[in-house]
Amino acid sequence: KRNRRSFRNTTVATSSNISARCQQRALSPAIPYLESFLLGLQYPYDSNHPDGYIPLCVAENKLATDILAKKLMQPQTASTTFSNDSIYAYNSFLGLPLARQAAAYFFAKRFLYPHLPTLTIEQALASISPESIGIASGAAGILNSLFFLLGDGGDAALIPRPYYSAFDSDMSLVAEITPFGFSLARPTQGPTESELDMAYLEARSEGLNPRFLLLTNPNNPLATIYRPEMIRNAISWARKRKMHTIVDEIYALSAPQDFQSVLRVMDGKLGDDVHMVWSLSKDFGASGLRVGFVLSGNTDYMNGLSNLNIFGGVSNPMQVIVAELMTDDKFVDYYLEESNTRLRHNYQICVQKLEEMVLPFVPAEAGIFVYVDFSAILPNKTKEWEAKLSQLLIDHARVILTPGDSMREQMPGMFRICYAWVSPEVLRVAMERLSRIVAKIRRMDWGDLNENTLSGIL
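Residues numbered from 1 in each chain as written. Predicted model: local features only at pLDDT ≥ 70, side-chain atom pairs only at ≥ 80, totals over all residues. Heavy atoms only, no water.

Observations concerning the overall build of the protein
Broken down by element type, the protein carries 16 helices and 13 strands. What you see for the protein is a C-alpha radius of gyration of 22 Å, in line with the 23 Å of a compact globule of 458 residues. Seen through its principal axes, the protein has C-alpha atoms that stretch 65 × 55 × 50 Å. The proportion of buried residues among the 458 residues of the protein is 54%. Summarising the internal contacts of the protein: among those between residues at least 6 apart in sequence, 74% fall at separations of at least 24. Accessible surface, the protein as shown: approximately 20100 Å² in total, 52% of it carbon and sulfur. The protein carries 43 positive and 47 negative side-chain charges, and their two centres are separated by 2 Å. (Helix = DSSP H or I, 4+ residues; strand = E, 2+ residues; numbered from the N terminus. Rg over C-alpha atoms; globule rule 2.2 N^0.38 Å. Buried < 20%, exposed > 50% of the residue type's maximum accessible area, 1.4 Å probe, protein only. Contact = heavy atoms within 4.5 Å. Areas by Shrake-Rupley, 256 points an atom, 1.4 Å probe, with all protein chains shown as cover. Lys, Arg positive; Asp, Glu negative; His and termini not counted. Charge placed at Lys NZ, Arg CZ, Asp CG, Glu CD.)

Let's talk about the nonpolar core
In terms of nonpolar packing, the biggest core is built from 80 residues, with F147, L354 and I417 touching the most fellow members. It is helix α16 (residues 424–443) that provides the largest number of residues to this core, a total of 8 residues. Excluding residues that lie within four positions of it along the chain, L354 makes contacts with L359, F361, V370, V372, I417 and M431. (Core = buried A, V, L, I, M, F, W, Y, C linked by side-chain atoms within 4.5 Å.)

Description of unusual backbone geometry
For residues that are not glycine, phi is negative in most cases, and the peptide bond is trans in most cases. Cis peptide bonds are those with omega within 30 degrees of zero, and the linkage from N217 to P218 qualifies with -5°. A cis amide bond, omega 25°, links N220 with the succeeding residue P221. With respect to the element layout, P221 can be found in the loop between β5 (209–216) and α10 (228–240). Positive phi is not limited to glycine here, since D267 has a value of about 55°. Within the secondary structure, D267 is located in the loop between α11 (262–265) and β7 (274–279).

Focus on the environment of A185
For A185, the position within the fold is in the loop between β4 (178–182) and α9 (193–205). Take A185: its relative accessible area is 69%, and that puts it in the exposed class. Distance in space between the C-alpha atoms of A185 and K71 is 45 Å, their sequence separation being 114 residues.

Remarks on the sheet that holds strand β8 (residues 292–296)
The 7 strands lie next to each other as β2-β8-β7-β6-β5-β3-β4, forming an open sheet whose pairing is mixed. The sheet is open, and its two edges are formed by β2 (133–136) and β4, each paired on a single side. Each adjacent strand pair in this sheet contributes to an overall mean axis angle of 25°, direction not counted. As judged from the 5 bridges shared by strand β3 (residues 155–160) and β4, these two strands associate in the parallel manner. The residue bridging A156 from the neighbouring strand is T178, located in β4. Against the sheet, α9 makes contact with β3, β4 and β5, and its axis sits at roughly 140° relative to β4, the strand it touches most. (Pairing = 2+ DSSP bridges. Axes fitted to C-alpha atoms, helices over the stretch in contact; angles between N-to-C directions.)

Describing the packing of helix α5 (residues 97–112) against helix α13 (residues 316–326)
Contact geometry of α5 with α13 gives a least axis separation of 9 Å together with a crossing angle of 30°. Regarding the angle of α5 to α13, the classification is roughly parallel. The two elements α5 and α13 meet at a crossing, and its hand is left-handed. Here L98, A99, A102, A103, Y105, F106 and F107 of α5 come into contact with α13, specifically with Q319, V320, A323 and M326. Of the residues that constitute the contact of α5 with α13, the class distribution is 10 nonpolar, 1 polar and no charged. (Parallel < 35°, antiparallel > 145°, perpendicular 65-115°, else oblique. Left-handed = near helix turned anticlockwise from the far one by under 90°. Nonpolar A, V, L, I, M, F, W, Y, C, P; charged D, E, K, R; others polar.)

Quick look at the packing of α5 against helix α14 (residues 329–357)
Packed helices, taken two at a time, are described by their axes: the angle between them and the distance between them. The geometry of α5 relative to α14 is characterised by a closest axis approach of 13 Å and an angle of 45° between their N-to-C directions. In terms of their interaxial angle, α5 and α14 are classed as oblique. The way α5 lies across α14 gives a crossing that is right-handed. Facing Y105, F106, K109 and R110 of α5, the residues of α14 in contact are D329, V332, D333 and L336.

What about the pairing of β8?
Burial of β8 is extensive: 5 of the 5 residues sit out of reach of the surface. Burial of the side chains of β8 extends over both faces: G292, V294 and S296 are buried on one face and F293 and L295 on the other. Here 4 bridges tie β2 to β8, and the two strands are oriented antiparallel to one another. Along β8, the bridge assignment pairs I133 with L295.

What follows is the structure, encoded as C-alpha cells:
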C-alpha cells in the first residue's frame, strides 16, 4: 500500500506552542520546490548578475503583465472603484452582486458560448445565473471550500497523475481529504472508465471513501487538453458513484480554440455535483490579486461558502476592479490575443532548444509550461537520480525546473519548464545553459561531474 497522509490517527505535537494540526499539516510547504524557488529569488539573473539564478519552476505568466498593469493603473479605475459606496461595507461573502453578474457574463462569453461574439449581457445572465457563482481568495481558496463543504475526513479525491502538487495541500490542510493519485496508460488523453474503476477499487481497499474526482483541463503539468467526450464520460462515471467532479480550468484561456469548457460540454447544466474552478492567476498573470471563482449548482454548498468566506473572501475594491475588467470585451480580447502570441513565442524558443538537445517532450496544446523527459541522461531511472539532476541544474546551470516527483509523476526524469516566467531574452539564456550542461553530462561519467568539469555553463 502507498504511503498516504492520514488524519484519523493523530499524535501530540512535540512543541507546546503549536497544535498537532499545525505540526502535521501546516508546516510543510504547499509546493515541494518552494525552497529552490526562493533561493532563485535571492540572486536572480539580470544584466548586472549574469551568473544569477533563473527560476522556471513556478507556473506564472509574466509575459503580459505590462498590458494588465497599464489597464489597472488608469486614474478612472481608482475613482470608479472607491466612489462606489458598497466597497466600504459588509455584503454577501459570496461576492458583490456587481462582481457576480460580471463573472456570469464573462463565463458565458468566454467559456460557455465562445463562438458567439455578439452575446449580450441579458443573454449571458439568462444562461448562467449569478447565484451559481462564488468568489474567493484564489483557486486554492475555492478548492479548499469545495473539499471542506462537500467531503469529510477520511474521504478521498481521485486525481490522474501527474498533477499539480499543491492540490494535496488544498484538500488536506483544512478539509482532511486524502489525495489519491492514479496512473494512466495515456496521461494526455485522460482517464478511461476502466482506469477510474481501478483507482476507485484501490482507494476502497485502502480504507478510503472516494468522494471526489479532480480533473485539470487544460492539464498541469502536461499542458494538454482533455476532449469533451472524456470529460462527459468521467462525469457520468462519477455520478453513478454519487461522487463530485471538480474541473479546474485555470488555464482555459491560455489555449487555442479547440478547448471546450465543462460548461460547454454540459450545456451550462452542471447540476449539484459538478463544480468548475477558475481564477485570474494564470490566464491574466495575476496570482497576486488572489481572485478565484467557482460555478456550482449546489445551493447548500453556496450557502456554506457564504459563511466560510468570511475567512477567505476577496476585498470589495478588488471585486469592483475585476468586475470592470471582466466586462471590458475590447480589453479582454486584446489582452488574450497578445498574451497568447507572447506565450507561443516563448514556447517556440523553449522547444526549439529541446529539439536541438534531443530531449523528448509533450507537445503543449495550452498552458504556460512544457513537460520534458530528461530520463535519458540519468545513470539510473530512479527518483534519487532525478533529485540529483535537479540539484545539479540548480548548482551549476543555476536554472530551477519543477521535478516530476513533485508533480506526483511515477516515471523518474520528467521535469516541467515554466517558460512564461521570464522574458524571451532570459529564457534563451536559461535554455542555452541547459543545453551546455546536458551536453557535458552526456560526454562524462556522473562520478566525474564536479565544479571544475562543469565550469563554463554560465
